[in-house]
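Residue-level structure breakdown
Letter by letter, the chains look like this.
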Protein chains: 2
Amino acid sequence: MVQDSIRVLQAHGHKLTKPRRLVLEVLEENEKPLSPYDIQGILRTRGKYLNHVTIYRTLDLLCNLNLAHRMLSSGGFIKCSLDSTEGCHRFMVCQNCGAIQEFADKELCQEENDFAQNFGFHTEHHLSEFSGFCSQCYRKQPQLAE
Amino acid sequence: MVQDSIRVLQAHGHKLTKPRRLVLEVLEENEKPLSPYDIQGILRTRGKYLNHVTIYRTLDLLCNLNLAHRMLSSGGFIKCSLDSTEGCHRFMVCQNCGAIQEFADKELCQEENDFAQNFGFHTEHHLSEFSGFCSQCYRKQPQLAE
DNA sequence: AGCTAATTGCAATATTGTTGCATTTAGCCT
DNA sequence: AGGCTAAATGCAACAATATTGCAATTAGCT
Ligand SMILES: [Mn+2]
Ligand SMILES: [Mn+2]
Ligand SMILES: [Zn+2]
Ligand SMILES: [Zn+2]
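Reference entry: report on the structure contained in this document.

What counts and how
Think of each chain on its own: its residues are numbered from 1, step by step along the sequence as written. The naming scheme follows written order: chains are lettered A onward, ligands numbered 1 onward. The model is predicted, so local features are restricted to residues of pLDDT at least 70 and side-chain atom pairs to those at 80 or more, both for listing and for counting; the totals for chains, interfaces and linings are taken over all residues. Only hydrogens and water are set aside; all other atoms, that is, all heavy atoms of the structure, feed into the side-chain values. Numbering of helices and strands runs from the N terminus; a helix is a DSSP stretch of H or I covering at least four residues, while a strand is a stretch of E covering at least two. Accessible area is worked out with a 1.4 Å probe on protein chains only. A residue is then buried under 20% of its type maximum, exposed over 50%, and partly exposed in between. Only heavy atoms matter for contacts: two residues are in contact if any of them lie within 4.5 Å across the pair. Exposure was quantified through the Shrake-Rupley algorithm and a 1.4 Å probe, taking into account, for residues, occlusion by the shown protein chains and nothing else. His is not counted here, nor are the chain ends, while Lys and Arg score as positive and Asp and Glu score as negative. By convention, the charge on Lys lies at NZ, on Arg at CZ, on Asp at CG and on Glu at CD. By definition, two strands form a pair when at least two bridges between them are found by DSSP. To define axes, lines are fitted to C-alpha atoms, for helices over the stretch in contact only, and angles between the resulting N-to-C directions are given on a 0 to 180 degree scale. A pair of cysteine sulfur atoms is labelled a disulfide when the two atoms are within 2.5 Å. To be clear, the arc concerns the directions from the helix axis to the C-beta atoms. When the centres of two rings from Phe, Tyr and Trp lie within 6.5 Å, Trp using its six-membered ring, the rings pair. Their planes under 30 degrees apart give stacked, over 60 give edge-to-face, and anything left gives tilted.

Things to note about the overall build of chain A
Within chain A, the secondary structure is distributed over six helices and five strands. For chain A, the α and β elements follow one another from N to C terminus as α-α-α-α-β-β-β-β-α-β-α. Considering only C-alpha atoms, chain A reaches an extent of 50 × 40 × 25 Å along its principal axes. Here chain A holds 146 residues, and the buried ones make up 41% of them. Relative to all contacts within chain A whose residues are 6 or more apart in sequence, the contacts with residues 24 or more apart total 45%. Summing over all exposed atoms, chain A offers an accessible surface of approximately 7,900 Å²; the carbon and sulfur share of this is 49%. Between the averaged position of the 16 positive side-chain charges in chain A and that of its 18 negative side-chain charges there is a distance of 13 Å.

Observations regarding the sheet that holds strand β5 (residues 122–133) of chain B
An order of β4(A)-β3(A)-β5(A)-β5(B)-β3(B)-β4(B) is seen for the six strands of this open sheet, with the pairing classed as mixed. This sheet does not close on itself; its edge strands, each paired only once, are β4 (100–103) of chain A together with β4 (100–103) of chain B. Geometrically, the sheet is characterised by an average inter-axis angle of 20° between neighbouring strands, direction not taken into account. Across the face of the sheet, helix α5 (residues 106–117) of chain A comes into contact with β3 (88–94), β4 and β5 (122–133) of chain A together with β3 (88–94), β4 and β5 of chain B while running at roughly 120° to β5 of chain A.

Some thoughts on the state of the cysteines
What the rule picks out here adds up to zero disulfides over all chains. Note on cysteine 63 of chain A: no disulfide assigned, nearest cysteine sulfur contributed by cysteine 80 of chain A at a separation of 10.0 Å. For cysteine 63 of chain A, a relative accessible area of 23% translates into the label partly exposed. With no disulfide of its own, cysteine 88 of chain B has cysteine 109 of chain B as its nearest cysteine by sulfur position, at a separation of 3.3 Å.

Brief notes about helix α3 (residues 36–44) of chain B
Residues and elements named next belong to chain B. Taken as a whole, α3 has its buried residues at Pro36, Ile39, Gln40, Ile42 and Leu43. In a view along the axis of α3, the buried residues occupy a sector of 165°, so they form one face of it. As for α3, its buried residues are in contact with α2 (18–29), α4 (52–64) and β2 (77–79).

Observations regarding the packing of aromatic side chains
Applying the stated criterion to the full structure yields 10 aromatic pairs over all chains. Measuring from ring centre to ring centre gives 5.8 Å for phenylalanine 103 of chain A and phenylalanine 130 of chain A, while their planes differ by 55°; the resulting arrangement is tilted. Of this pair, phenylalanine 103 of chain A sits in strand β4 while phenylalanine 130 of chain A sits in strand β5, and the two are 27 residues apart along the sequence. The pair formed by phenylalanine 103 of chain A and phenylalanine 130 of chain A is uniform in burial state, with each residue classed as buried. Taking 5.8 Å as the distance between ring centres and 50° as the angle between the ring planes, the aromatic pair formed by phenylalanine 103 of chain A and phenylalanine 119 of chain B counts as tilted. Remark: phenylalanine 119 of chain B occurs in the loop between α5 (106–117) and β5 and phenylalanine 103 of chain A occurs in strand β4; the pair is interchain, linking two chains.

Take it as geometry only, folks, not as evidence of what the structure does.
Below, the structure is given as structure tokens:
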């Protein structure tokens, strides 16, 4: 919900502006990653103009608050679809249809922390992207996954 | 070793050219991620000029062969420091000094695969970046990690 | 309603990435 | 060793993405 993001935004002392609400709305509606200029384009088709600088700055802010993420695979931005996963953001990216599913798992985090600990590394944040095939694409075109 | 990468390169039917060797050497020497233009700059200080297009194309190739990776955190490229980890590339990134340590773990992969399977997702590749503090930075400035 | 720090838009610039095509070259074959 | 050719490079032009400083606007407060 856009409303939830707005709450977080304000809880951190940021203002709720029209541009920020518009960007949040676009991210909310799109399950696939969007570039800053994608967002600008989508808004333009609705008669809403935002300067790209504003969009960049908004996305920066949202990423800092973990309300959005930048995907490694595409470089585009996507809304964080989970709450209270501070420090753990995991994505399954279908290499066929591009669909993205975010998930989180405390046990996985724990195991990863332990593993890194062996190197003397103290983990604060976990970020991962698994690429493969979503259930639909796997069923439809199993040969792709050979 | 640059030599190892060259072998992989040739095993896939690609030519070993001067530009490719130069890029491999630069990646080999630098433990931190470099952008294409960084690489060009480094080479220039040695009197070696490479067109940026060539560097882009070389990095593309190296990434496709899993001889290099593009880091999520910085966007820069870094040499893959492990062999035979086809489909699994994990990094610990020190948020203080920027040092990067690559590692891999089959068990972790298995658990992640199983987890994704619950969503009907068939995982092919694992990519992850953990950010935190390397042993040195953690010792020196424990307050940073609070 | 008025105040003010935060935010936005604008303009200019910088950086990063792509494409088509002529030239060069690595690896192979005499 | 010298020639052949597909692969790779460099160049030029362009396209897309990203950053900065500053003046104008505005959200959230009193
Ligand atoms: Mn998230
Ligand atoms: Mn690797
Ligand atoms: Zn799919
Ligand atoms: Zn460190």
